[in-house]
Structure formats: C-alpha cells, structure tokens
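Below, each chain spelled out in residue letters.
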Amino acid sequence: MSDNINMAAPISKNRKSFQGIVVSTKMQKTIVVEVERKFSHPRFKKLVISHKKYHVHDEDSTCKVGDKVKIIETRPYSRTKFYRVQTILEKAK
C-alpha cells in the first residue's frame, strides 16, 4: 500500500464570490446579503443595476446590519444557504 494518508482532497478554485451589504441578521447563524450587479443592457446599451439577496452562513454571528462583506460559494448548509462569509471588508458605523 502507498502512503497517501496525508494527501488531502484538492480544493476547487472555481467558486463564485460576491461583495455585498448585510441587510438582515435576524436568523441564527444566517445573514441576508444584498449584492448589487451592474451590467450593460444587450440591446439598449444602458447601464442596468440589479439587486439580489443571498442567505449566507455566518457561524460566529460576527456580522451586523450595514457591514460590507465578501461571500464565497460553498456546500449547501440548508435549502436556501449555499454561501458563507469569507471576510468582513468594512464594518458599519
């Protein structure tokens, strides 16, 4: 047998990550983050701003409403949670 006991499984590098603002912290270990996305309309070439809310896993409940956070895609924690907090970029005042 070979000595592959210390070999860990490779971590996927193709994970989605977003920056957004925390809009709710009323659930246990879960926050709601609103992500703003800007893109040019394909036909009219006008700048379009879309907003989407994500349920994000926050294990230590360190985030507060108004914080700017970076979230990263991960394994499913529940039916609606597929992201976790990677870092807190800016604390709310």
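Everything below is about the structure shown above.
Bear in mind that the values here come from a model prediction, so they are computed numbers and not experimental data. (Residues numbered from 1 in each chain as written. Predicted model: local features only at pLDDT ≥ 70, side-chain atom pairs only at ≥ 80, totals over all residues. Heavy atoms only, no water.)

Enquirer: Lay out the pattern of salt bridges in plain terms, naming residues and giving numbers.
Expert: Per the counting criterion, the structure on display carries two salt bridges. A salt bridge links K29 to E59; the shortest N-O distance between them is 3.1 Å. Placement of the pair is K29 in the loop between β1 (17–27) and β2 (30–40) and E59 in the loop between β3 (47–57) and β4 (68–73), with a sequence separation of 30 residues. Note on K29: relative accessible area 38%, which makes it partly exposed. (Salt bridge = Lys/Arg side-chain N within 4 Å of Asp/Glu carboxyl O. Helix = DSSP H or I, 4+ residues; strand = E, 2+ residues; numbered from the N terminus. Buried < 20%, exposed > 50% of the residue type's maximum accessible area, 1.4 Å probe, protein only.)

Enquirer: I'd like a description of the sheet that holds β1, backed by residues and values.
Expert: The strands that make up a sheet are held in pairs by hydrogen bonds between backbone atoms, and each pair lies either parallel or antiparallel. Ordered by their spatial adjacency, five strands build a closed barrel running β1-β2-β3-β5-β4, and the pairing between neighbours is mixed. Averaged over all pairs of adjacent strands, the angle between their axes in this sheet comes to 50 degrees, without regard to strand direction. Two strands pair when backbone bridges link them, and β1 and β4 are joined in this way by five bridges, in the antiparallel orientation. Paired with F18 across the bridge in β4 is I71. (Pairing = 2+ DSSP bridges. Axes fitted to C-alpha atoms, helices over the stretch in contact; angles between N-to-C directions.)

Enquirer: Which residues make up the pairing of strand β5 (residues 81–90), and what are the values?
Expert: One face of the sheet, then the other: side chains in a regular strand alternate in exactly this way. Pairing of β3 with β5, which is carried by three bridges, proceeds in the parallel orientation. Note on β5: the bridge partner recorded for H57 is R84. Pairing geometry for β4 and β5, over six bridges, is antiparallel. Bridge pairing in β5 places V69 opposite I88.

Enquirer: Quick one: what's the story with unusual backbone geometry, residue by residue and with numbers?
Expert: In this structure, K29 is a non-glycine residue whose phi angle is positive, near 60 degrees. The backbone of K45 shows a phi angle near 60 degrees, a positive value even though the residue is not glycine. If you trace the backbone, K45 turns up in the loop between β2 and β3. Accessibility expressed as a relative area gives 60% for K45, which makes it exposed.

Enquirer: Could you give an account of the side chain of D67, with specific residues and numbers?
Expert: You can see D67 is positioned in the loop between β3 and β4. Side-chain polar atoms of D67 contact the backbone nitrogen of K64, separated by 2.9 Å. Here A92 takes part through its backbone nitrogen, which lies 2.7 Å from a polar atom of the side chain of D67. When near neighbours in sequence (up to four residues on either side) are disregarded, D67 contacts G20, I21, V22, T62, I88, E90, K91 and A92. (Polar contact = N/O pair within 3.5 Å; in protein donor to acceptor, adjacent residues only side chain to side chain. Contact = heavy atoms within 4.5 Å.)

Enquirer: Please give an account of the packing of aromatic side chains that cites residues and values.
Expert: This model, assessed by the stated rule, comprises three aromatic pairs. Measuring from centroid to centroid gives 5.3 Å for F18 and Y54, while their planes differ by 15 degrees, and the two rings are stacked. Pair noted here: F18 is in strand β1 and Y54 is in strand β3, with a separation of 36 residues, a long-range link. Measuring from centroid to centroid gives 5.9 Å for F18 and Y83, while their planes differ by 55 degrees, and the two rings are tilted. Here F18, found in strand β1, pairs with Y83, found in strand β5; they are 65 residues apart in sequence, far enough to count as distant. Residue class for F18 comes out partly exposed when judged on its relative accessible area of 25%. (Phe/Tyr/Trp six-rings, centres within 6.5 Å; stacked < 30°, edge-to-face > 60°.)

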